Amino acid sequence: MRLKLAAGNWKMNGTTAALSELEALARAFPNPTVDVLICPPATLLHQAAESVRETGITVGGQDCHAATSGAHTGDISADMLLDAGANAVILGHSERREDHGEQNEDVRAKARAAMDAGLKAIICVGESLEQREAANTLDIIGGQMSGSIPDQSTGENLIVAYEPIWAIGTGKVPTLNEIGEVHDFIRTRLERRFGEGVGRSVRLLYGGSVKPSNAEDIFGVSNVDGALVGGASLKAQDFSGIIDALQKA
Ligand code: PGA
């Protein structure tokens, strides 16, 4: 009932030359049986959206402002992302929380703006290594969820990505049991807050060093509905391996 999702986060990587990777991906998956989303840098969004138009691939942003317009130099509103061709936006990524001091309430305000504009909000949560070692993981995730996820969330407009900070870009991955424990916890919390119907329909992604070589195992974990992929989404060949694994899961 939950359509699986392979989401790529290009972060601050890629100029127009990188669009050839997106085109290669669209050629490799003319009719994907899972959702495939690429979030390129904002400068490429419009061109990326044009290049995958009428394919099974969609594009999204990596952040948006909470306001609809105004005096916010350098920022981008949810409406602008939509206008550029996005259908989703990543919010509260740990790199935004760290580099820009984003707090849960900032992420919640951005998510509200994204949902109001008609975008899907991919809200990221995840613990640091210190927090995991102190056995605080579930407390941290629970707090991030209550603080960052808006009340208007539904299975259609919300996607939650569990991304342990220590697993991002490091090649380190939690055990399958650890991933399962957190995903089951997120599911239960969503069901409790939004009711079973909505709670069960929200897609949960795992993110942090997902590669073609570990994707199949990760996609076999309960309540893992796909992945949010950084490094391995930059090359069509790597990301294809992950999409293949998700299609078979
Ligand atoms: P990674 O990044 O796949 O390079 O670890 C994941 C992310 O930050 O979304």
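See the structure printed just above.
A. Region of interest: the site of the ligand. In the vicinity of the ligand lie 13 residues, with K11, H93, E163, G169 and S209 positioned nearest. One nitrogen or oxygen atom from the side chain of H93 is found 2.6 Å from an oxygen atom belonging to the ligand. Within the backbone of S209, one N or O atom sits 2.8 Å away from an oxygen atom of the ligand. Bound to the protein, the ligand loses 94% of the 280 Å² it would expose on its own. Residues of the shell around the ligand, tallied by class, amount to four nonpolar, seven polar and two charged.

B. Highlighting the side chain of K120. Along the chain, the position of K120 falls in strand β5 (residues 120-125). In this structure the side chain of K120 is engaged in a polar contact, spanning 2.6 Å, whose partner is the side chain of E156. Not counting the four nearest positions on each side in its chain, K120 is found in contact with N87, A88, V89, E156, N157, I159 and R203.

C. Structural detail: the sheet that holds strand β6 (residues 158-162). With parallel pairing, eight strands are arranged side by side around a closed barrel as β1-β2-β3-β4-β5-β6-β7-β8. Strand-to-strand twist in this sheet, taken as the mean axis angle between neighbours without regard to direction, amounts to 25 degrees. Sheet topology places strand β2 (residues 35-39) next to strand β3 (residues 57-61); three bridges connect them, and they run parallel. Counted as the bridge partner of L37 is T58 from β3. Strand contacts of helix α7 (residues 137-148): β5 and β6, with the helix running at about 150 degrees to β5, the strand carrying the most contacts. Its contacts with the sheet place helix α11 (residues 236-248) against β1 (5-9), β2 and β8 (226-229), and it is angled at close to 160 degrees to β1.

What counts, and at which threshold
Residues numbered from 1 in each chain as written. Predicted model: local features only at pLDDT ≥ 70, side-chain atom pairs only at ≥ 80, totals over all residues. Heavy atoms only, no water. Near = heavy atom within 4 Å. Polar contact = N/O pair within 3.5 Å; in protein donor to acceptor, adjacent residues only side chain to side chain. Areas by Shrake-Rupley, 256 points an atom, 1.4 Å probe, with all protein chains shown as cover. Nonpolar A, V, L, I, M, F, W, Y, C, P; charged D, E, K, R; others polar. Helix = DSSP H or I, 4+ residues; strand = E, 2+ residues; numbered from the N terminus. Contact = heavy atoms within 4.5 Å. Pairing = 2+ DSSP bridges. Axes fitted to C-alpha atoms, helices over the stretch in contact; angles between N-to-C directions.

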